[in-house]
Amino acid sequence: MIRRNCLVVLVAAAFAVSGHYAYAQLGGGAARAPQDLFKTDPEGFTRARFPPADWPDRDFTICRVWYTSVRSERDGSGWKTDYPYSEINLLIRLGEMTTTPISYDIEQKRPNTWVVKLTDSKLYDCPFLIASDVGTIGIKDEEVSALREYLLKGGFLWVDDFWGSEAWNQWAQEIGKALPPEAYPIEDISAADPIMREMFDLEKVPQITNVTFWLKNHGKTSERDEDSAQVHVRAIRDRHRRIMVLMTHNTDVGDSFEREREDSEYSRLFSPPGYALGINVLLYAMTQ
């Protein structure tokens, strides 16, 4: 596979293609697309789009984990955080930059993405799970075995956008119910790990904050001051050393997808490395 310079390729994609996609969303001068229901919902109150009884196709998609929050975090919205445009935009870029077939909603002119409960049998139709704001998560007893089985049978979960030591401790406690740390320890990921070299060569994961925080704080990126100053990229692996759970802590990679067109300077700084990591992660999950 040919390695690419993520800053050159992805900056060009972000600015050349995003305008085209925005035009397509509006109908491209032809028949107007159906109303985008997601855009009518206030931030943090987006309705869940659960999987249909019959999947529209068997192409690649992303499922967001529906969970119950048992505590709150500043600027978080529980399971709805970064939903749905984080995964929609990431799938668009994946389809543009690879030959991966992407599940697509022709009527809405965007990729299909779904929200899934851990106790739903549709969980096993989801090739890739994502969850944000997991410093608020509470994994219920009836969800523990389902999550463990999904991951041990080859599933992949990426958790992102949780900040500071309290959020980390909450997440570590909850994932430990499904994957006890004595059997499945949490490890730091180095730049030499295959997931960092899948398509783009990444030396580190940058600290990415949400665009609103970044603008209000004049370019500051640590949302919990000293308690979130260092980005952690960690993983839980199975006995074959395959990553089952990827954790990006003290950074909001999802906002580099979700907010790519909201501020040009923010997009220039954060979208290229964010997408480089996102595409690496998706390709790793599909091929391991």
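In this text, all values refer to a predicted model and were calculated from it rather than measured experimentally.

Asks: Quick one: what's the story with the overall build of the chain, residue by residue and with numbers?
Replies: Within the chain, the secondary structure is distributed over seven helices and 11 strands. Counting only residues that meet the buried cut, the chain has 56% of its 288 residues in that class. Working note: accessible area of the chain is about 12,900 Å², and carbon and sulfur atoms make up 52% of it.

Asks: Describe the sheet that holds strand S1 (residues 62-66), and please don't skip the residues or the numbers.
Replies: Here we have seven strands laid out as an open sheet, ordered S5-S1-S6-S8-S11-S10-S9, and mixed in their pairing. Whereas interior strands pair on both sides, the edge strands pair on one side only; in this sheet they are strand S5 (113-117) and strand S9 (186-188). If you compare each strand with its neighbour and ignore which way they point, the axes differ by 30 degrees on average. Looking at chain direction, S1 and strand S6 (residues 129-132) are connected through two bridges and run parallel. When the bridges of S6 are listed, Arg64 appears paired with Ile130.

Asks: Give me the lowdown on the nonpolar core, citing residues and values where you can.
Replies: Ranked by size, the top nonpolar core spans 35 residues in total, and within it Leu129, Leu157, Trp171 and Val245 carry the most contacts. At the level of secondary structure, the elements contributing two or more residues to this core comprise S1, S5, S6, helix H3 (141-152), strand S8 (157-160), helix H4 (164-178) and strand S11 (243-249). Top element by residues in this core is H4. It accounts for five residues. Sequence-distant contacts of Val245, that is, excluding residues within four places in its chain, are made with Leu151, Leu157, Trp171, Leu179, Arg234, Ala235 and Ile236. Residues Trp158, Ile195, Ile279 and Leu282 belong to the second largest nonpolar core, which totals 33 residues.

Asks: Which residues make up the packing of aromatic side chains, and what are the values?
Replies: Scanning the model with the defined rule gives 12 aromatic pairs in all. With centroids separated by 5.6 Å and ring planes inclined at 70 degrees, the aromatic side chains of Trp214 and Tyr266 adopt a geometry described as edge-to-face. Residue Trp214 is located in helix H5 (residues 211-216), and its partner Tyr266 is located in helix H7 (residues 264-287); the two are separated by 52 residues in the primary sequence. Both residues of the pair, Trp214 and Tyr266, belong to the buried class. Each residue in the set Phe128, Phe156 and Tyr284 is aromatic and connected to the rest through ring pairs, giving one cluster. Above the ring of Tyr275, the side-chain terminus of Arg93 is found at 5.6 Å from the ring centroid.

Asks: Can you tell me about the pairing of S1, naming the residues and giving the values?
Replies: Along S1, four of the five residues are buried, which leaves the element largely enclosed by surrounding structure. Bridge count for S1 against S5 is five bridges, and the pairing is parallel. Across the sheet, the residue bridging to Ile62 is Thr113, located in S5.

Asks: Break down the pattern of salt bridges for me, with residues and values.
Replies: Following the criterion strictly, the structure yields 26 salt bridges and no others. Taking the shortest distance from any N to any O, the salt bridge between Arg234 and Asp188 comes out at 3.0 Å. Of this pair, Arg234 sits in strand S10 (residues 232-237) while Asp188 sits in strand S9; the two residues are 46 residues apart in sequence, bridging distant segments of the chain. Between Asp225 and Lys220 there is a salt bridge; the shortest N-O distance is 2.5 Å. The class of Asp225 is partly exposed, set by a relative accessible area of 48%. Taken together, the shared-partner salt bridges connect Arg71, Glu73, Glu166, Glu223 and Arg224 into one network.

Cut-offs applied
Throughout, a residue's number is its position along its own chain's written sequence, starting from 1. Reporting in this predicted model follows two pLDDT cut-offs: at least 70 for local features of residues, and 80 or more for side-chain atom pairs to be given and counted; totals over whole chains, interfaces and linings ignore these cut-offs and use all residues. Calculated side-chain values reflect all of the structure's heavy atoms, with hydrogen atoms and water omitted. Helix and strand assignments come from DSSP, with helices taken as H or I runs of at least 4 residues and strands as E runs of at least 2, each series counted from the N terminus. Buried means the residue's accessible area, taken with a 1.4 Å probe over protein chains only, is under 20% of the maximum for its type, while exposed means over 50%, and partly exposed covers the values in between. Surface accessibility in these figures is a Shrake-Rupley result with a 1.4 Å probe; residues are shielded only by whichever protein chains are displayed. In short, DSSP must find at least two bridges between two strands for them to pair. Here an angle of 0 to 180 degrees is reported between the N-to-C directions of two axes, which are lines fitted to C-alpha atoms, with helices fitted over the stretch in contact. By nonpolar core we mean a set of buried residues, namely Ala, Val, Leu, Ile, Met, Phe, Trp, Tyr and Cys, connected to one another through side-chain atoms within 4.5 Å. In what follows, a contact means two residues having at least one pair of non-hydrogen atoms within 4.5 Å. Only centres within 6.5 Å qualify two rings of Phe, Tyr or Trp (six-membered ring in Trp) as a pair; their planes then separate them into stacked at under 30 degrees, edge-to-face at over 60, and tilted for everything else. Comment: the charge-over-ring label is applied if NZ (Lys) or CZ (Arg) is within 6 Å of the ring centre and within 35 degrees of the ring normal. Should a side-chain nitrogen of Lys or Arg be within 4 Å of a carboxyl oxygen of Asp or Glu, the pair is scored as a salt bridge.

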